[in-house]
Amino acid sequence: MAAACAGMEAAAASPPSPPPPAAAAPGSAELVCAQGRNLKAVLCQRCGSRVLLPGAATFARRELLLPAMRKKAAAAAGGGGDVLREHWLVRDMFSFENVGFTRDVGNVKFLVCADCEAGPIGWHCLDDKDSFYVALERVAHE
């Protein structure tokens with residue numbers, strides 16, 4: 001069943017291991033501690049709701065295709081998505097402070113803000129119960 005998620009991945013590769021902080025892109029370097037975890041809280045870009053506490057996730061690189069962020073009416077009209085490469089990897093769904101999950105889309109659930117439903121901000125393959133990805137480009141940090 002792992003092949004079911006491969007279509008949602010831009011590059012079919014094995015799940016990533018967290019890179020050393022020095023490997024982080026210039027924009028993310030101030031967000032990652034020496035152990036590769038998030039230094040700052042992760043927030044919804046739209047409403048500011050707290051998604052993750054500092055230290056709750058590990059920086060990971062993995063190319064994933066997420067649908068474009070837009071209002072529900074526009075999303076129903078269809079359209080493309082974005083290939084995102086930098087994510088916070090969360091291993092336990094109970095580490096989230098405030099996140100919602102969409103209905104299954106194939107073998108994937110997308111992560112959204114539980115307060116304002118902005119998203120998708122992340123990705124979860126149902127074959128891997130312990131990997132939840134939150135795209136750095138889709139969230140704010142404080």
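The name an unreviewed UniProt entry assigns to the chain is Guanine nucleotide exchange factor MSS4, from the organism Strigops habroptila. Here the chain is described in UniProt, under the heading Subunit (unreviewed entry), as follows: "Interacts with RAB8A." Of the comments in the UniProt record for the chain, the one headed Function (unreviewed entry) reads "Guanine-nucleotide-releasing protein that acts on members of the SEC4/YPT1/RAB subfamily. Stimulates GDP release from both YPT1, RAB3A and RAB10, but is less active on these proteins than on the SEC4 protein. Might play a general role in vesicular transport."

Peer 1: I tried to follow the pattern of salt bridges on my own but got confused; where do I start?
Peer 2: For the structure shown, the criterion picks out five salt bridges. For Arg61, the salt bridge is made with Glu86, and the minimal N-O distance between the two is 3.4 Å. Remark: Glu86 occurs in strand β4 (residues 81-90) and Arg61 occurs in strand β3 (residues 58-67); sequence separation between them is 25 residues. Of the residues examined, Arg61 reaches a relative accessible area of 34% and is grouped as partly exposed. Residue classification places Glu86 among the buried positions, given a relative accessible area of 18%. Notably, a salt bridge pairs Lys109 with Asp104, separated by 2.9 Å at the nearest N-O pair. Its relative accessible area of 23% is what places Lys109 among the partly exposed residues. By relative accessible area, Asp104 is classed as partly exposed at 45%.

Conventions we followed
- Residues numbered from 1 in each chain as written.
- Predicted model: local features only at pLDDT ≥ 70, side-chain atom pairs only at ≥ 80, totals over all residues.
- Heavy atoms only, no water.
- UniProt positions renumbered as here; feature names shortened; annotations may be inferred.
- Salt bridge = Lys/Arg side-chain N within 4 Å of Asp/Glu carboxyl O.
- Helix = DSSP H or I, 4+ residues; strand = E, 2+ residues; numbered from the N terminus.
- Buried < 20%, exposed > 50% of the residue type's maximum accessible area, 1.4 Å probe, protein only.

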